[in-house]
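Survey of secondary and tertiary structure
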Amino acid sequence: MKFPLVGTLGVSAVENQKTLKTVKMMKMMMAVMKVCLLLFCVCDVSSGRRLRLGSCTVSVHTHELWQHFHTIRQSTVKQDNHMGTKLLKTDIMKNVTALESCCFLRHLLRFYVERVFGSHAPSQASQRRTTGVLANAFLSIKKDLRQCHAQTHCPCGEQTQSKMEAILTSFEKLESTAAAVKAVGELGSVLEWLDSFQREAPPQAVQG
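This is a predicted model, so every value here is computed, not measured.

Where helix α4 (residues 101-116) contacts helix α5 (residues 125-150), the axes come no closer than 9 Å and their chain directions differ by 145°. For the crossing formed where α4 meets α5, the hand is left-handed. Contacts between α4 and α5 pair Cys102, Leu105, Arg106, Leu109, Arg110, Tyr112 and Val113 from the former with Ala135, Phe138, Leu139, Ile141, Lys142, Leu145, Arg146, Cys148 and His149 from the latter. The residue inventory of the contact of α4 with α5, partitioned by class, reads 11 nonpolar, one polar and four charged.

By the definition in use, this model includes three salt bridges. Across the salt bridge formed by Asp195 and Arg49, the nearest N and O atoms sit 4.0 Å from each other. Here Asp195, found in helix α8 (residues 187-200), pairs with Arg49, found in strand β1 (residues 49-53); they are 146 residues apart in sequence, far enough to count as distant. Here Arg49 falls in the partly exposed class, since its relative accessible area comes to 33%. Ionic pairing is found between Asp80 and Lys182, a salt bridge with its closest N-O pair at 2.7 Å.

Reading guide: rules and limits
- Residues numbered from 1 in each chain as written.
- Predicted model: local features only at pLDDT ≥ 70, side-chain atom pairs only at ≥ 80, totals over all residues.
- Heavy atoms only, no water.
- Axes fitted to C-alpha atoms, helices over the stretch in contact; angles between N-to-C directions.
- Helix = DSSP H or I, 4+ residues; strand = E, 2+ residues; numbered from the N terminus.
- Left-handed = near helix turned anticlockwise from the far one by under 90°.
- Contact = heavy atoms within 4.5 Å.
- Nonpolar A, V, L, I, M, F, W, Y, C, P; charged D, E, K, R; others polar.
- Salt bridge = Lys/Arg side-chain N within 4 Å of Asp/Glu carboxyl O.
- Buried < 20%, exposed > 50% of the residue type's maximum accessible area, 1.4 Å probe, protein only.

The following block contains the structure:
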């Protein structure tokens, strides 16, 4: 007559329980890490990046704007039949003084919202939605800048006027649809300019 090896079975059961506990703890740790990562991403997205434009500080979701732009960039560039023309020339975007940076951005966003996005009609529905998202984002930033302007933190001068006149002159030389395609294709210049303020902006004290 054979008897069960009680000792051996007991040890195996204990080891199995330890293994199960270890697996459960690892799963719990992974779940906690995922939650922490999600919360970090949510906080980063909700807060945006604080950009200092002269005396005005605004929160801009530049990362999301880049993602939306990359979604439509390739197809938009393919539609551009005026590659020799450039609206946002390097000297226009690079030589904006800190004092007038807020005003220049405010007028540049108004140009895109009022003159560009309304005339840009991509054939694909997904691209139309993306363009709409960009337009709404620009409108939101423009509202924040308008508050700075109302508080006299967004001074305008001759520099902004001359730069916007140069952009509009080049824009109006093209047919409206072609001009809109050109302007949308050059959104990267706007986003690069915004990124430069995010890199250079000093830390801001919390105002009560």
